[in-house]
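A closer look at the structure
Below are the chains, spelled out letter by letter.
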Amino acid sequence: MSNKASKDSRAQWASSLGFILAAAGSAVGLGNIWKFPGKAYEGGGGVYILTYILIVILIGATAMMAELTVGRSTQKNAVGAFRILAPKWKWVGGLGVFTGFVILGYYSQVGGWVLQYIVSYLTKPGEIYGDPQGFFLNQVLGADRFPVLGAFVFPLLFIACVVLVIVRGVEGGIERFNKVAMPALFLLLLALLGRSLTLPGAGEGLRYLLTFDLSSLNGSVLLSALGQAFYSLSLGMGIMCTYGSYVKHTEDLGKNMAMICSLDTLVALIAAFIIIPAVFATGVQPGKGASFAFVSLAGVFERMPLGSIFGVIFYTLLFFAALTSAISLLEGTVAYLTEEKGLGRTKATVLTAAGMFFIGVLYTLSQVHMEIRGIWLDGASGLTFPAFGDFLEFFTDRLMTPLGALAYCIFVGWVWGPQKAVAEIEREGVRFPLAKPWAVLVKYVAPSAIVVILFAGMVMGLTLS
């Protein structure tokens, strides 16, 4: 088959809306819902939110446009795109594929935990309310038993859902699913927002989020907002490069990128206006991460009228957020294997999912002190996985994704050149009025900000070690 025929037969998004929803679904993930509200609280409420929005506009959108442009210009996966544009830079695509592969390993486990909580809030909410921490540690992570449900059954169900979407292809699987999942996600968000804002005492949390105290703005807040923006927008993993490669040349990339960033930011803001007023109203300490989402929030739902029902709604929301992101993570690797290695789509999907699942099992086993056949899995003796979960998260979130985003910006800004990138954006008569400021941002501002994230991440890693 000729190169031209191969390119012409390649999958594409059927519509602009399908691409926007799929890319927004990739960006909208667990970080929007269980990390952003806690960071907004710690960062001073309104001043953090404003800082975050400015960073998304100036830096996050800049890096996203770089990835999308590289992908669409070549109509190839993350590795194939660099193979065509600059073979010496193929490592950037490989870095993104590898990073996405590792992330989905533990992301699929968390998605499984979310499924387990949906079932548990439907069948035994009393057990969760009776001992929220004990329920999470014992029945999910397996502190007192081997975690068959938390490490195997529910994560396997979650990854099976991802596989079923991916094997159906770009238009018939990913696009079609996101056209249903994303509207459903927003409906669930609005239902929870309405319940949260009408709780007695929620007004105090609302006022906190709308208060702009500039004295709260410091280096820590800026760094937190920078890191959250890059994590939330799915940058540095080759996902946007791969999704951009399915975009038709007639589409307005600038307009679509703005819609993706707006939808992602909107979800994060709504999540903050759900979580913070609810915790203020119920007296639960605001927080972020798995401990907050699976342990602390039980106190919120217990104190809320019809709390178990809203618990099911909340974890269903988390399920959709996790699933849309997991689909994009798997697609990045599958696109690479099918296009660069010649594997069939189903075979590539199943093999990749199996490898990710194995990594994920180790992630769950590393979360608690646990003995199986006399072997401690927390590093005490024998065969060990010392701080495996913490290492994976630090390695991907603090180092690999910022490094990937930095490489895309340097490549577009200094190797390929902003002029060629803008020419790609403005194909078919499309106008990109922000071409000149974007060129400055992608060459100077975004790389500088990412270097700060990388440096801070390494310093934090050394401090923690």
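Look up a bit, the structure's there.
What counts as what
- Residues numbered from 1 in each chain as written.
- Predicted model: local features only at pLDDT ≥ 70, side-chain atom pairs only at ≥ 80, totals over all residues.
- Heavy atoms only, no water.
- Helix = DSSP H or I, 4+ residues; strand = E, 2+ residues; numbered from the N terminus.
- Rg over C-alpha atoms; globule rule 2.2 N^0.38 Å.
- Buried < 20%, exposed > 50% of the residue type's maximum accessible area, 1.4 Å probe, protein only.
- Contact = heavy atoms within 4.5 Å.
- Areas by Shrake-Rupley, 256 points an atom, 1.4 Å probe, with all protein chains shown as cover.
- Lys, Arg positive; Asp, Glu negative; His and termini not counted.
- Charge placed at Lys NZ, Arg CZ, Asp CG, Glu CD.
- Axes fitted to C-alpha atoms, helices over the stretch in contact; angles between N-to-C directions.
- Parallel < 35°, antiparallel > 145°, perpendicular 65-115°, else oblique.
- Left-handed = near helix turned anticlockwise from the far one by under 90°.
- Nonpolar A, V, L, I, M, F, W, Y, C, P; charged D, E, K, R; others polar.
- Arc of directions from axis to C-beta.
- Expected span 1.5 Å × (residues − 1).
- Phe/Tyr/Trp six-rings, centres within 6.5 Å; stacked < 30°, edge-to-face > 60°.
- Lys NZ or Arg CZ within 6 Å of the ring centre and 35° of its normal.
- Salt bridge = Lys/Arg side-chain N within 4 Å of Asp/Glu carboxyl O.
- Core = buried A, V, L, I, M, F, W, Y, C linked by side-chain atoms within 4.5 Å.
- Patch = residues over 30% accessible without salt bridge, like charges linked within 9 Å, V, L, I, M, F, W, Y side chains within 5 Å.

Let us look at the overall build of the protein. Scanning the protein for helices and strands turns up 20 helices and two strands. Relative to the 2.2 N^0.38 estimate, which gives 23 Å for 465 residues, the radius of gyration of the protein is 22 Å and therefore close to what a compact globule would have. Overall, the C-alpha framework of the protein stretches about 60 × 55 × 45 Å when taken along its three principal axes. Relative to its 465 residues, the protein shows a buried fraction of 60%. Of the contacts formed within the protein by residues at least 6 apart in sequence, a portion of 81% connects residues at least 24 apart. Only carbon and sulfur atoms are counted for the fraction: they give 66% of the accessible area of the protein, which is about 18,100 Å². Between the centroid of the 31 positive side chains of the protein and the centroid of its 25 negative side chains there is a distance of 9 Å.

It is worth spelling out the packing of helix H6 (residues 90-123) against helix H16 (residues 307-340) at this point. Where H6 meets H16, the axes come as close as 8 Å, and the angle between the chain directions of the two elements is 155 degrees. The angle between H6 and H16 places the two elements in the roughly antiparallel class. Regarding H6 and H16, the two cross each other, and that crossing is left-handed. When grouped by side-chain class, the residues that make up the contact of H6 with H16 number 21 nonpolar, eight polar and no charged.

Where helix H19 (residues 418-425) is concerned, the buried positions are Pro-418, Ala-421, Val-422, Glu-424 and Ile-425. Each buried residue of H19 lies within a common arc of 155 degrees when the element is viewed along its axis, so the set occupies one face. Opposite the packed face of H19, turned more than 90 degrees from it, sit the exposed residues Gln-419 and Lys-420.

Taking 1.5 Å of rise per residue, the 19 residues of helix H9 (residues 148-166) would be expected to cover 27 Å, and the 26 Å separating its terminal C-alpha atoms lies within 8% of that figure. For H9, the complete set of buried residues consists of Gly-150, Ala-151, Phe-154, Pro-155, Phe-158, Ile-159, Val-162, Val-163, Val-165 and Ile-166. Where H9 is buried, its residues touch H6, helix H8 (132-140), helix H10 (170-197), H16 and helix H17 (345-365).

Attention now goes to the packing of aromatic side chains. Applying the stated criterion across every chain, the model contains 36 aromatic pairs. The ring of Trp-414 has Lys-443 lying over it, and the distance from NZ or CZ to the ring centre is 4.2 Å.

Attention now goes to the pattern of salt bridges. Summed over all chains, the structure comprises six salt bridges. A salt bridge links Glu-331 to Arg-345; the shortest N-O distance between them is 2.4 Å. Residue Glu-331 is located in helix H16, and its partner Arg-345 is located in helix H17; the two are separated by 14 residues in the primary sequence. We classify Glu-331 as buried; its relative accessible area is 0%. Relative accessible area serves as the criterion here: at 23%, Arg-345 is assigned to the partly exposed category. The closest approach of N and O atoms between Arg-431 and Glu-426, which form a salt bridge, is 3.9 Å. Under the relative-accessibility criterion, Arg-431 is labelled exposed at 62%.

This next bit is on the environment of Phe-432. Position of Phe-432 relative to the elements: it lies in the loop between H19 and helix H20 (435-464). Distance in space between the C-alpha atoms of Phe-432 and Asp-252 is 8.5 Å, their sequence separation being 180 residues. For Phe-432, the residues in contact, after removing those within four places along its chain, are Met-65, Ile-425, Glu-426 and Trp-438.

In this section: the nonpolar core. Membership of the largest hydrophobic core comes to 159 residues, with the highest contact counts inside it found for Phe-294, Tyr-315 and Trp-438. Broken down by element, this core gets its largest block of residues, 20 residues, from H16. Those residues in contact with Phe-294 that lie beyond four places of it in its chain are Trp-34, Val-110, Trp-113, Val-114, Tyr-117, Pro-132, Phe-136 and Tyr-315.

With that settled, consider a nonpolar patch on the surface. Side chains of Ile-410, Trp-414, Val-415, Val-440, Tyr-444 and Val-445 sit close together on the surface and give an oily, nonpolar patch of about 520 Å² of accessible area. Locating Val-440 in the fold gives a position in helix H20. Residue Val-440 is classed as partly exposed on the basis of its relative accessible area of 44%.

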